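Observations on the three-dimensional arrangement
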Amino acid sequence: MEISKEHPDSVRGLFASIAGRYQTVNHVLSGGLDWYWRAVAVRLMRPWNPGLVLDVATGSGDLASAIGKHFQGCRVVGADFCRPMLEVARRRGLPELVEADGLKLPFPDGTFHAVTVAFGLRNMASWEGGLKEMARVLKPGGHLLVLDFSLPTLPVIRSLYRFYLHRILPIVAGIATGRMDAYEYLGGSIEKFPSGETMSSLIRNCGFTEATAKPLSLGTVSIYTATRA
Ligand SMILES: C[S@@+](CC[C@H](N)C(=O)[O-])C[C@H]1O[C@@H](n2cnc3c(N)ncnc32)[C@H](O)[C@@H]1O
């Protein structure tokens, strides 16, 4: 089956097939920058001092774990629709994990102080649907943080990044995971995913205010924060 976000089974199957190697490949391909991106995300969350956080598309639980370690007494629930990814998170000691689709979360309205999603929204069949569902489970005034890939705005950097994304990454990651198609999908999904003001505006249209974008690492990654209206 061709991997496409419009076919959630293909996305679930993709992550199931790379779950065991996902974290290592991430650290290698990002040159360790993924730790830095999560550290910045946690730093941006500091003023919120959240008591109850939902990490949607938690995967192997890297962001959930960073949040849990940083905020004393904070309860972090991780949700993901791919069981093998959740098993990796469970093995590393994440206590609260729920197998659930981000488009249909099994939580009542207004449950969480903060909702986070790292490298997950891009893969959802509907970005609007995912954001609206996150707004629904947030308390009014609660906070959203989205961390995901973006395309650099500077033309020369954008060209170099695209070369890495489409020519180098699928080969290297394909050798490491045996799933070259997964990393071809990654590049395509980054091309389609909105960033900067376009993403901030999408977030605003889904029930949030004060949406802002923070580009990192030459704009290859962005963090969006917003408040539930
Ligand atoms: C690239 S991984 C990101 C994992 C983790 N958040 C991280 O930062 O490393 C994407 C994750 O999103 C999950 N995912 C994609 N679509 C989803 C959906 N509709 N509902 C729940 N999880 C989803 C996948 O199963 C996968 O674990």
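Parameters at a glance
- Residues numbered from 1 in each chain as written.
- Predicted model: local features only at pLDDT ≥ 70, side-chain atom pairs only at ≥ 80, totals over all residues.
- Near = placed C-beta within 6 Å.
- Helix = DSSP H or I, 4+ residues; strand = E, 2+ residues; numbered from the N terminus.
- Buried ≥ 20, exposed ≤ 12 C-beta atoms within 10 Å, placed from the backbone.
- Contact = placed C-beta atoms within 7 Å.
- Pairing = 2+ DSSP bridges.
- Right-handed = clockwise from strand over helix to strand, strands pointing away.
- Axes fitted to C-alpha atoms, helices over the stretch in contact; angles between N-to-C directions.
- Left-handed = near helix turned anticlockwise from the far one by under 90°.
- Nonpolar A, V, L, I, M, F, W, Y, C, P; charged D, E, K, R; others polar.

Take the site of the ligand next. Around the ligand, a shell composed of 22 residues is seen, among which Ala57, Gly59, Cys82, Gly102 and Ala118 lie nearest. Among the elements that line the shell around the ligand, the one with the most residues is helix 1 (residues 8–18), at four residues.

So, about unusual backbone geometry. In this structure, Ala57 is a non-glycine residue whose phi angle is positive, near 55 degrees. Along the polypeptide, Ala57 turns up in the loop between strand 1 (52–56) and helix 4 (62–70). Residue classification places Ala57 among the buried residues on the basis of 26 C-beta atoms within 10 Å. Residue Glu210 is not a glycine yet carries a positive backbone phi of 55 degrees. Along the polypeptide, Glu210 turns up in strand 6 (residues 208–216). A count of 14 C-beta atoms within 10 Å places Glu210 in the partly exposed class.

A separate point is helix 6 (residues 127–137). Listed in full, the buried residues belonging to helix 6 are Trp127, Gly130, Leu131, Glu133, Met134, Ala135 and Val137. Tucked into the core, helix 6 has its buried residues touching strand 1, strand 4 (112–118), strand 5 (138–149), helix 9 (196–204), strand 6 and strand 7 (221–228).

So, on to the pairing of strand 4. Extensive coverage of strand 4 is indicated by the burial of six of its seven residues. Note: strand 1 against strand 4, four bridges, orientation parallel. Each residue of the ladder has a partner; that of Val56, found in strand 4, is Val117. Both strand 4 and strand 5 contribute to a ladder of six bridges, which runs parallel. Paired with Phe112 across the bridge in strand 5 is Leu138. In terms of handedness, the path from strand 4 via helix 6 over to strand 5 forms a crossover that is right-handed.

It is worth spelling out the packing of helix 7 (residues 155–177) against helix 8 (residues 180–192) at this point. Running from N to C, helix 7 and helix 8 cross one another at 145 degrees; their axes reach a closest spacing of 7 Å. In terms of crossing hand, the pair formed by helix 7 and helix 8 is right-handed. Residues Leu165, His166, Leu169, Pro170, Ala173, Gly174 and Thr177 of helix 7 lie in contact with helix 8, whose contacting residues are Met180, Ala182, Tyr183, Glu184, Gly187 and Ile190. Grouping the constituent residues of the contact of helix 7 with helix 8 by class yields eight nonpolar, four polar and one charged.

The seven strands are arranged 3-2-1-4-5-7-6 in an open sheet whose pairing can be described as mixed. Both outer strands of the open sheet, strand 3 (97–99) and strand 6, are each paired with one neighbouring strand and no more. Strand after strand, the sheet turns through a mean of 15 degrees between neighbouring axes, direction not considered. In this sheet, strand 7 lies alongside strand 5 in antiparallel orientation, the contact comprising seven bridges. When the bridges of strand 7 are listed, His143 appears paired with Thr227.

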